[in-house]
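Breakdown of the fold
Spelled out from the first residue to the last, the chains are:
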Amino acid sequence: MGTVHHLDDHRPTPPGTTDPVDLTKVPAPRRARSRVRRTRRALRWAVTHERTRAGARAAVRHSLYVVGGAGVVARRTWQGRTVAVHHQMRAAAVAAGNQELAAEWQEKADRFRSDRHRRRMELISGVPQMAKSATIGVAGTEGALLLLGACMAVHDGDVRDVIVPTLVAIDAVRALCWFVSVAWGPALALALLAGLSHLWRAGQQQQTAPAWARPAANAADDVPVTPSVVVKALSDLGISSLRKAIKEMADGAAGMLGPITLAGCGVEVDVTLPSGVSTEEVLGKRRKLAENLNRHEHELHMTLPPAPRTVRMWIADSGALDQPIGPSPLVTDPDATADMRRGRAPWGVDLRGDAVLVSLWQKHMLITGLSNQGKTASLRALALWLALDARVEFRIADLKGVGDWQMFDGIATVLIQGPTDDHVIEATEMIEDGVTEMAKRITVMRELTAKGWSQDKILADPRFNPLVLVVDEAQVAYGSGAQETFVTEKGTVRKGAPFGGSKADSRYFQAVKKIHDQGRAVNVTTWEGTQDPTNENLPKRSREGNHIRASLVLGTESQARMAVGDSAVDAGAAPHKLRQGLDKGTLVVAGDGVKLAPGQPSVTARTHYIGPEDAEAIAERAKALRAGVKTSAGPQSALREVDHLADVAAVLGSEERMKSDEVRQHLAQRWPQVYKSWSASDLVQALKPFGAEPRKYNGNQMISRARLFAAIESRADETENAG
Ligand SMILES: Nc1ncnc2c1ncn2[C@@H]1O[C@H](COP(=O)(O)OP(=O)(O)OP(=O)(O)O)[C@@H](O)[C@H]1O
């Protein structure tokens, strides 16, 4: 039974595949049945095989191109000889309410008719004339031949020569007829071929084959955006009030649309909605509208222009957004320069293909997006441009630390690279130093203003050179639990405020907030790059303090609201509609900094990608302009009075014991200027005088928190007694 079950199996099996049954041992009728089934299976396999289907589709497609092409050619011929097109155009003009145009088409139709009549009359009256001309022509030629023959007869003295030229002419005509009879077949075949190819081309251009027979790539070919296509797409949107209103409009709803204008690699059109339909309803149906227009969702962008009840649609040419944009001008122009105050950084191109230029002067900035979509690259592209302005000081904390910002070694005065709590602590101190600098500048500015200096003069003073504090992967700081541990004067160990985190007591958050509040006017700004925003890893107060808010693709609309703000999203900004992976480097930019048309909430910028090698080359040019910036691997406040016991206590945190090597590593990461070169014995030597040196515990050299704090307390006692 098992065998029978196998034979009835309906899965297609390639021909030639043998059954596991030995047919010689099977009775004859069963053998015949089995053979029939096998043949059936082979046939089914052949019929259902993809190649067979593709071949059949191609045969149908090309045949129907020829058939459809014949229809197209016939229609064109008919239209060329009649006033059908004139009537169509006149009807369209009447529908659009354009009476002037309608009259013009009517006039053209009348002119066409009278011309056609004239041509026909000329043809009729020309036929007897042509017959007469032909008779005269033949008689004239024969006369000339006889005259030639007579001359020959006189010359040769032979009367028979009179008809020799006529006989030669008859022979020539006969040879011509013979040639035509031989060449006729091939010529006819060639003409037929040319005709078929003409019909095929006409059919193919008009896509006369059914969609299922056309190759997949052609299925959604670049359908042009015409008023009727837009109106139909809107009517089929599933908004009944819109559909009804369109149906009732006398002019085929053409009055809803503004002119369809070319705009970069697409077209733009304003749609004024009928009353009763809200712009929000249409914005919410972006995907369906795009599909009705034969586009992908990302190929339709909608915004709300200032005119009421109007939606501005930008519709890309199919596939145009997948074409790469050119390299950055920073890469192609080795002489590019920058001026933070007056210049604009070349960031990329907008959807129309126009350059997106960003003003960075006195702007706090936030760039966010999902992981690996080009956040660092786009942030770095701006920093590379700005690095060409030697007045600008950079302090950079890259809290991923895989070398994305390494080329700023020699440009930035601080370059922190790494993801640990220690790096968060350094980044926090770097921003706090920025706050100190800001406060100093505010005081100086007040004094200079009191002396009568103008704002321009103050900002041109070197004490106000722009200071840009960059924190890439800032979510690491907002998510860090690192907390300060300190020893009071009495030797008691206390926990201080957390360095990172998103709560009000987070030192990092507080410092960023202070700079957002007051830094702009004194040229101290922050740029944060952060991943996958949430309320936890990017507090509201922090994201809203930025002047430029840019976002790569995000997962949800609520994230888009966090990234670029509610008003921008309400007006159509949609980073959550970008495609993860495919739209790398494409940013929705809101806020100041980029030029926006009135009422436009954001611009979608496809940024130029500057890869690591090009970035390195641009950085080298920037270094040449700056001559000898010394980059420190930690905040400048790291130049502090060194207290080894307190440093080790800070590293230990709440751990009871820690391996001596681990302590050394943390020390070196946190204060590399002091501890990077330390050996194990240096650490022992530093702690031994206080009795806190590492001891063996469970086979490892460990530093004990209890002994360390005992040492700190006794040192405090000694100091007190000595005082
Ligand atoms: N403008 C761009 N155009 C095309 N591809 C880009 C662009 N920017 C970045 N990419 C590609 O995306 C990759 C990731 O870029 P990048 O490291 O800047 O992403 P990220 O968002 O910072 O990643 P992470 O998740 O590590 O924070 C790059 O290696 C590059 O291949």
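No experiment lies behind these values; they were computed from the predicted model shown.

So, on to the site of the ligand. Close to the ligand lie 14 residues; Ser-371, Gly-374, Thr-376, Gly-585 and Tyr-609 are nearest. Residue contributions to the shell around the ligand peak at 3 residues, all from helix α13 (residues 375-387). A per-class count over the shell around the ligand returns 2 nonpolar, 9 polar and 3 charged.

Turning next to the pairing of strand β15 (residues 586-591). With respect to burial, β15 is a largely interior element, 6 of its 6 residues being buried. Bridging between strand β14 (residues 548-551) and β15 involves 4 bridges; their strand directions are antiparallel. Residue pairing in the sheet places Ser-551 in a bridge with Val-588 of β15. Examined bridge by bridge, β15 and strand β16 (residues 602-607) share 5 bridges and lie antiparallel to one another. Counterpart to Thr-586 in the pairing with β16 is Arg-606.

A separate point is the sheet that holds strand β18 (residues 695-697). Taking strand neighbours across the sheet as the criterion, the 3 strands line up as β17-β19-β18 in an open arrangement whose pairing is antiparallel. Looking at the sheet topology across the chains shown, the edges are occupied by β17 (657-659) and β18. For this sheet, the mean inter-axis angle between neighbouring strands, taken without regard to orientation, is 55°. In this sheet, strand β19 (residues 700-704) lies alongside β17 in antiparallel orientation, the contact comprising 3 bridges. When the sheet's bridge partners are listed, Arg-657 is paired in β19 with Ser-704. Relative to the sheet, helix α23 (residues 660-670) contacts β17 and β19, its axis offset from that of β17 by approximately 80°.

Basis of the calculations
Residues numbered from 1 in each chain as written. Predicted model: local features only at pLDDT ≥ 70, side-chain atom pairs only at ≥ 80, totals over all residues. Near = placed C-beta within 6 Å. Helix = DSSP H or I, 4+ residues; strand = E, 2+ residues; numbered from the N terminus. Nonpolar A, V, L, I, M, F, W, Y, C, P; charged D, E, K, R; others polar. Buried ≥ 20, exposed ≤ 12 C-beta atoms within 10 Å, placed from the backbone. Pairing = 2+ DSSP bridges. Axes fitted to C-alpha atoms, helices over the stretch in contact; angles between N-to-C directions. Contact = placed C-beta atoms within 7 Å.

Worth remembering: the numbers are spatial, not functional.
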